[in-house]
Amino acid sequence: MLKDKSKREFLKISSLAAVASLFPWISILAQNNKTKSPSDKVKLAIIGVGSRGYGLMANIKYMIENDSANVEIAAVCDNYQPHYERAIKDCGNPKVKAFYDYRNLLEMQEIDGVIIATPLYEHAHIAINSMKAGKQVFCEKSMARTLDDVKAMYDTHIDTGKILQIGHQRLFDPKYLEAIQRIKKGEIGIIGQIRAYWHRNSDWRRKLPNGRPDLEKKINWRLYRDFSAGLLTELGSHQIQVANWVMGKTPKSVMGTGSIRYWKDGREIYDNVSTIFSYNDGTQFIWDSMTSNRKYGLQEQIMGDLGTMELETNKVFMESPPAAPGIRELINDIEHFVFDNIPIGGATWVPETAIKYKGEFISEKWEMDETKLQLEAFVEYIREGKAPEILTREGYNASIWTLLAEQAIDIGKKLELPEKYQI
Ligand SMILES: NC(=O)c1ccc[n+]([C@@H]2O[C@H](COP(=O)([O-])OP(=O)(O)OC[C@H]3O[C@@H](n4cnc5c(N)ncnc54)[C@H](O)[C@@H]3O)[C@@H](O)[C@H]2O)c1
């Protein structure tokens, strides 16, 4: 009975307004110098309406239909006919303007902000031209395919003063925010190591339309080196962002190794990657990703001398758990409707690593959609005419260090970031 989802009493967070006080990114904004008043409609365009762009479009539609957000999807753009047509049909605005070429879209004076969800190699020129055309920009992670393009995007943001928000949605996840605040207060002590992994067991391929093998690189761009750094840019960039955020700084060096171990299907990107990022205080961030085993899934483990936080699953484990942990765990489990089978017999030999303590939940606020929250924030920033700089810097550093890791793997050397890319 307790497992009935409808009976759960988790805090449901449906809009940014409900959690604005939690977010340094929101509360530091000035409340009075708005460039657009709440009664002015914010007009958005979405460029690249494939898998992610379609999802972002659905989030905005939800905001309009359910949260009465004063926002409009005024234009969509995609250079692939089926996605172009699907976006027109599903965007919820019968008067939407649609484009195959984003440069024509940028001529629409009334567009306030563009959301870019094209493949990685198609981010830089679109973001740069959009900012130069006076648009505020939300661009999906990672920023760009090369270090120079990432830097050029950042420089354009500085030169034009336009918003460049990068789609690292964990920055809008209350459970991450609470965890980071508690880590910074010293709750888990001195951090010695951060471990993160993102493991899947699938070929990561998208099906091509019948009779169209010529679309392989268009559809499966993630698997080819000209267009993507694969697991590093697609998955690792999120977790490198988290590590930098926890540390409050960027690494000093990175080294790593990668291979095409399992999916020998013509792909060019590594399907098996291990990296170590070292910070100047000696903390190590160990990140790996593989695509032929999913037992351990996805996690970020922040390991201090007083405790460990596992951010994806919202758990904290103290090194010296409180007294009577069994009772506390039981209460914790009942409160959170989590139950394990009770073991009848135990091993006679207990390895040093076997820790039965199942930890506590970090935050109660975990039924929410951080992707929608970051888009709500983007709309707020457009009204303000500016966004907190940390959102650009976090994206920049995550992208830069992801690409540097790729280089370190390729040449088999430990690398430091050249000065010209430091911001
Ligand atoms: N933040 C996240 O959790 C998250 C999750 C998934 C994807 N993403 C990011 O979103 C981006 C898109 O990923 P996806 O899975 O949606 O890819 P996708 O291939 O499904 O979609 C990309 C779309 O962009 C279109 N496109 C390509 N070049 C274009 C151009 N020059 N002009 C207009 N349209 C163009 C394609 O036709 C396609 O419809 C990537 O950067 C990816 O890393 C982020």
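Okay, so let's go over this structure. This is a predicted model, so every value here is computed, not measured.

The rules we used
- Per chain, residue numbering runs from 1 following the sequence as it is written.
- For a predicted model such as this one, the threshold for reporting local features is a pLDDT of at least 70, and the threshold for listing and counting side-chain atom pairs is 80 or more; totals across whole chains, interfaces and linings nevertheless cover every residue.
- Numbering goes from the N terminus for both helices and strands, where a helix is a DSSP run of H or I of at least four residues and a strand is a run of E of at least two.
- Buried residues are those with 20 or more other C-beta atoms within 10 Å of their own C-beta, exposed residues have 12 or fewer, and partly exposed residues lie in between; C-beta atoms are placed from the backbone.
- Residues are treated as contacting if the C-beta atoms built from their backbones sit within 7 Å of each other.
- Strands pair, by our definition, only if DSSP identifies at least two bridges between them.
- To obtain each axis, a line is fitted to C-alpha atoms, and for helices this fit is confined to the stretch in contact; angles are then taken between N-to-C directions over 0 to 180 degrees.
- Placing the C-beta atom from the backbone, one calls a residue near a molecule or strand if that atom lies within 6 Å of it.
- Gly falls in the polar group here, along with every residue not listed as nonpolar (Ala, Val, Leu, Ile, Met, Phe, Trp, Tyr, Cys, Pro) or charged (Asp, Glu, Lys, Arg).
- The term nonpolar core refers to a set of buried Ala, Val, Leu, Ile, Met, Phe, Trp, Tyr and Cys residues connected through C-beta atoms within 7 Å.
- For classification purposes, an angle smaller than 35 degrees is called roughly parallel, one larger than 145 roughly antiparallel, one from 65 to 115 roughly perpendicular, and anything else oblique.
- Handedness of a crossing follows from how the near helix is turned relative to the far one, being left-handed for an anticlockwise turn of less than a right angle and right-handed for a clockwise one.
- What a helix is expected to span follows from its residue count: subtract one and scale by 1.5 Å.
- The angle between axes fitted to the seven-residue stretch ending at a residue and the seven-residue stretch beginning at it gives the bend at that residue.

This part covers the overall build of the chain. Regarding its fold elements, the chain presents 13 helices and 16 strands. Here the chain, with 423 residues, has 39% of them falling under the buried criterion. Partitioning the intrachain contacts of the chain with sequence separation of at least 6 by distance along the chain shows that 73% fall at a separation of at least 24.

This part takes up the sheet that holds strand β11 (residues 284-290). Taken together, the 8 strands give an open sheet; going across it, the order is β9-β10-β11-β8-β12-β13-β14-β15, and neighbouring strands pair in mixed fashion. The open sheet has two free edges, formed respectively by β9 (253-259) and β15 (360-361), since each of these has just one partner strand. Summarising the sheet, strand β12 (residues 298-304) and strand β13 (residues 307-310) pair through 3 bridges and their orientation is antiparallel. Residue Gln-301 lies in a different strand from β13, and its bridge partner there is Glu-310. In the packing of helix α10 (residues 231-247) onto the sheet, the strands contacted are β8 (191-199), β10 (272-278), β11 and β12, and the crossing angle to β8 comes to about 155 degrees.

Below, the discussion takes up the site of the ligand. Taken together, 23 residues form the shell around the ligand, and within it Gly-48, Gly-50, Ser-51, Arg-52 and Tyr-80 come nearest. Broken down by element, the shell around the ligand gets its largest block of residues, 3 residues, from helix α3 (residues 51-66). Residues that form the shell around the ligand fall into these classes: 8 nonpolar, 9 polar and 6 charged.

On to the pairing of strand β2 (residues 42-47). Burial runs high along β2: 5 of the 6 residues are buried. As paired strands, β2 and strand β3 (residues 71-77) are joined by 6 bridges and run parallel to one another. Each bridged residue has a counterpart across the sheet, and for Leu-44 the counterpart in β3 is Ile-73. Pairing geometry for β2 and strand β5 (residues 113-116), over 4 bridges, is parallel. Across the sheet, Leu-44 pairs through a bridge with Gly-113, a residue of β5.

What follows concerns the nonpolar core. Ala-45, Ile-46, Ile-47 and Ala-127 are the most contacted members of the largest nonpolar core, which has 99 residues in total. By residue number, the principal contributor to this core is helix α13 (residues 389-411), which donates 10 residues. Beyond its immediate chain neighbours, meaning those up to four positions away, Ala-45 contacts Ala-74, Ala-75, Val-76, Cys-77, Leu-105, Ile-111 and Val-114.

To continue, consider the packing of α10 against α13. The N-to-C vectors of α10 and α13 enclose an angle of 120 degrees; their axes lie 8 Å apart at closest approach. Relative to α13, the element α10 lies oblique. Here α10 and α13 pass one another in a crossing that is right-handed. Along the contact surface, α10 presents Leu-232, Thr-233, Gly-236, Ser-237, Ile-240, Gln-241, Asn-244 and Trp-245, while α13 presents Glu-394, Asn-397, Ala-398, Ser-399, Trp-401, Thr-402, Ala-405 and Glu-406. Looking at the contact of α10 with α13 residue by residue, the classes come out as 6 nonpolar, 8 polar and 2 charged.

Turning our eyes to something else, we now look at the sheet that holds strand β7 (residues 164-166). Judged by pairing direction, the sheet is parallel, and its 6 strands sit side by side in the order β4-β3-β2-β5-β6-β7 without closing on themselves. Each of the sheet's edge strands pairs with one partner strand only, and the pair in question is β4 (97-99) and β7. If you compare each strand with its neighbour and ignore which way they point, the axes differ by 20 degrees on average. As judged from the 3 bridges shared by strand β6 (residues 136-139) and β7, these two strands associate in the parallel manner.

This part is about the environment of Met-57. When you line up the elements, Met-57 lands in helix α3. Judged by C-beta crowding, with 23 C-beta atoms within 10 Å, Met-57 ranks as buried. Other than its neighbours up to four places away in sequence, Met-57 contacts Ile-46, Val-49, Ile-73, Ala-87 and Cys-91.

A few words now on the pairing of β8. Examined bridge by bridge, β8 and β12 share 7 bridges and lie antiparallel to one another. By the bridge assignment for β12, Trp-198 is matched with Leu-298. Pairing between β8 and β11: 7 bridges, direction parallel. When the bridges of β11 are listed, Tyr-197 appears paired with Asp-288.

Interhelical geometry of helix α7 (residues 147-160) versus α13 gives an angle of 165 degrees and a closest axis separation of 9 Å. Classified by the angle their axes make, α7 and α13 are roughly antiparallel. Helix-helix and strand crossings are classified by hand; for α7 and α13 the assignment is left-handed. Judged by residue contacts, Leu-147, Val-150, Tyr-154 and His-157 of α7 engage Thr-392, Tyr-396, Ser-399, Ile-400 and Leu-403 from α13. Class assignment for the residues of the contact of α7 with α13 results in 6 nonpolar, 3 polar and no charged.

What follows covers α10. With 17 residues, α10 extends 22 Å between its outermost C-alpha atoms, agreeing within 8% with the 24 Å of an ideal straight helix rising 1.5 Å per residue. At Ser-237, α10 shows its largest bend, some 45 degrees. With 15 of its 17 residues buried, α10 lies for the most part within the structure. Looking one or two residues past α10, Gly-248 carries a phi angle of roughly 70 degrees, positive in sign.

The next point concerns the environment of Ile-73. The residue Ile-73 is located in strand β3 in this model. For the pair Ile-73 and Gly-92, spaced 19 residues apart in the sequence, the C-alpha separation amounts to 7.9 Å. Those residues in contact with Ile-73 that lie beyond four places of it in its chain are Leu-44, Ile-46, Met-57, Ile-60, Cys-91, Gly-92, Asn-93 and Val-96.

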